[in-house]
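Geometric and topological summary
For reference, the chains in residue letters:
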Amino acid sequence: MKKSTRTLTHTFKSIAKFATAASILTASFNVFAEPVEIKFSHVVAENTPKGQMALKFKELIEQRLPGEYIVNVFPNSQLFGDNNELAALLLNDVQFVAPSLSKFERYTKKLQIFDLPFLFEDMDAVDRFQQSESGQKLLNAMNRKGIVGLGYLHNGMKQFSANDPLNLPKDANGKKFRIMASDVIAAQFDAVGAIPVKKPFSEVFTLLQTRAIDGQENTWSNTYSMKFYEVQSHITESNHGVLDYMVVTSNTFWKGLPADKRAVFKSSLDEAIALGNKIASEKGNEDKQAILDSNRSQLVTLTPEARQQWVNAMKPVWAKFEDQIGRDMIDAAQAANTK
Ligand code: SIN
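A brief report on the enclosed structure follows.

Basis of the calculations
- Residues numbered from 1 in each chain as written.
- Predicted model: local features only at pLDDT ≥ 70, side-chain atom pairs only at ≥ 80, totals over all residues.
- Heavy atoms only, no water.
- Near = heavy atom within 4 Å.
- Polar contact = N/O pair within 3.5 Å; in protein donor to acceptor, adjacent residues only side chain to side chain.
- Nonpolar A, V, L, I, M, F, W, Y, C, P; charged D, E, K, R; others polar.
- Axes fitted to C-alpha atoms, helices over the stretch in contact; angles between N-to-C directions.
- Helix = DSSP H or I, 4+ residues; strand = E, 2+ residues; numbered from the N terminus.
- Parallel < 35°, antiparallel > 145°, perpendicular 65-115°, else oblique.
- Left-handed = near helix turned anticlockwise from the far one by under 90°.
- Salt bridge = Lys/Arg side-chain N within 4 Å of Asp/Glu carboxyl O.
- Buried < 20%, exposed > 50% of the residue type's maximum accessible area, 1.4 Å probe, protein only.
- Arc of directions from axis to C-beta.
- Contact = heavy atoms within 4.5 Å.
- Phe/Tyr/Trp six-rings, centres within 6.5 Å; stacked < 30°, edge-to-face > 60°.
- Core = buried A, V, L, I, M, F, W, Y, C linked by side-chain atoms within 4.5 Å.

**Looking at the site of the ligand**
Around the ligand, the structure places Val-43, Val-44, Lys-50, Lys-103, Arg-178, Met-180, Phe-201, Asn-218, Asn-222, Leu-243 and Tyr-245. Side-chain polar atom of Lys-103 to an oxygen atom of the ligand: 2.7 Å apart, as the coordinates give it. Here an oxygen atom of the ligand sits 2.7 Å away from a polar atom, N or O, in the side chain of Arg-178. Of the residues assigned to the shell around the ligand, the class counts are 6 nonpolar, 2 polar and 3 charged.

In structure tokens form, the structure reads like this:
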């Protein structure tokens, strides 16, 4: 073999040895590398559609990206509550949150559509609107603020509760109601002469128990899991509005994920949301029944005429927010009421 060929062969062998050593080193680093911690924070109990969805998401990510990521779920406002979860998301102190659609008002006025009283006839209509082109567009409403909407999750229709029976709008007059931080919901209670008080979810039970407030509005699932029915004598089955969620992350975190991992995160989240939605539709009725069986709270059923009085009193709220929300969006939402 010529000297130059021998030198070349030797050089190739050295490179090959170096490459093998480097890959062994990288592999051993990977073996010992700590998985990246992902935090998912929310304000409700684990036995709720959102609580179960978050746990499913954890399970799927840890199964599909083993050793690479761990997902720690913090329920019950343990890590962040209503007042700071979105700010924490933007600071990357938490990577996933799923606030109710009423709690994004500081970041977009467009989602106020979901708070308009008596807009959606039922959860099927809500679902049709969310899956429509208009509904999907709203997932991007906060992109410029650094928030990425990844999907909608159902909880259910809201009911009023109080320490007196609420049959007609006049029964709410002068009563204090805890509300989520939403100007539309505030206007809804103003419209019946009630006093809306914006408070975080974590404080509602104590506010009701101590009678600092007279009532609230929520879904069957939240009313049951947070035991509001134990401190409210009456629940009016009003189905006057929807309480659903948007699962969001920050633009910084989402764009920072390698494309192949991002795809796994998205498909896992879609599956987790599908499970959450299934639980939401089953739990609504189950939790309502459990509340009725407890005999702690009495059900107020509205006659069609009584319900129409609530509609007449509260529907004028739509006009106040039409400019911010957009007439086209309201039309699209109403269109979802017909199959
Ligand atoms: C939630 O379901 O996330 C909380 C709703 C509320 O604040 O009433």
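So, next bit.
**Observations concerning the packing of helix H2 (residues 49-64) against helix H10 (residues 259-294)**
Where H2 contacts H10, the axes come no closer than 8 Å and their chain directions differ by 150 degrees. Considered as vectors, H2 and H10 are oriented roughly antiparallel to each other. Between H2 and H10 lies a crossing of right-handed hand. Along the lines of polarity and charge, the residues of the contact of H2 with H10 split into 13 nonpolar, 4 polar and 4 charged.

**What about the pattern of salt bridges?**
Within the structure shown, the criterion is met by 18 salt bridges. Across the pair Glu-230 and Arg-296 runs a salt bridge whose closest N-O atoms are separated by 4.0 Å. Taken together, the residues Glu-230 in the loop between helix H8 (220-225) and strand E8 (234-250) and Arg-296 in the loop between H10 and strand E9 (298-301) connect sequence positions 66 residues apart. Exposure remark for Glu-230: the relative accessible area of 27% places this residue in the partly exposed category. On the accessibility criterion, Arg-296 (46% relative accessible area) is partly exposed. In this structure, Lys-266 and Asp-270 form a salt bridge, with 2.7 Å as the shortest nitrogen-oxygen distance.

**Brief notes about helix H13 (residues 327-335)**
Of all the positions in H13, only Met-329, Ile-330 and Ala-333 are classed as buried. Taken down its axis, H13 places every buried residue within 100 degrees of arc, on the same side. Of the surrounding elements, those touching the buried residues of H13 are helix H4 (123-131), helix H5 (133-138) and helix H12 (317-325).

**Thoughts on the packing of aromatic side chains**
Under the criterion given, the structure shown has 17 aromatic pairs. For the pair Phe-114 and Tyr-152, a centre-to-centre distance of 5.7 Å together with 55 degrees between the ring planes defines the contact as tilted. Placement of Phe-114 in the loop between strand E3 (96-97) and H4 and of Tyr-152 in strand E4 (residues 147-162) is noted, with a sequence separation of 38 residues between them. Consider the rings of Phe-160 and Phe-189, whose centres lie 5.7 Å apart with planes at 70 degrees: the pair is edge-to-face.

**Looking at helix H11 (residues 304-314)**
If you check which residues of H11 are buried, you get Ala-306, Trp-310, Val-311 and Met-314. Along H11, the residues classed as buried sweep out an arc of 145 degrees about the axis, all on the same side. Away from the buried face of H11 by more than 90 degrees, exposed residues Pro-304, Glu-305 and Asn-312 are located. Buried residues belonging to H11 abut E4, helix H6 (183-190) and H12.

**Regarding the side chain of Ser-77**
Inspection of the secondary structure assignment puts Ser-77 in the loop between strand E2 (69-74) and helix H3 (85-90). Every residue in contact with Ser-77, bar those within four places of it in the chain, is listed here: His-42, Val-43 and Ser-202.

**Some thoughts on the nonpolar core**
Of all hydrophobic cores here, the largest spans 54 residues; its most connected members are Phe-40, Met-53, Phe-57, Phe-96, Trp-254, Phe-265 and Trp-310. Per-element accounting of this core gives the leading share, 5 residues, to E4. Among all residues touching Trp-254, those that are not within four sequence positions of it are Phe-96, Val-148, Leu-150, Thr-249, Arg-262, Phe-265 and Lys-266. Counting residues in hydrophobic clusters, the runner-up holds 37 residues, among them Phe-80, Phe-129, Leu-139 and Ala-187.

**As for the environment of Asn-251**
With respect to the secondary-structure elements, Asn-251 resides in helix H9 (residues 251-256). Classification of Asn-251 by relative accessible area gives partly exposed; the value is 28%. Sequence-wise, Asn-251 and Gln-95 are 156 residues apart; in three dimensions their C-alpha atoms are separated by 10.0 Å. For Asn-251, the contacting residues outside a window of four places in its chain are Gly-146, Val-148 and Gly-256.

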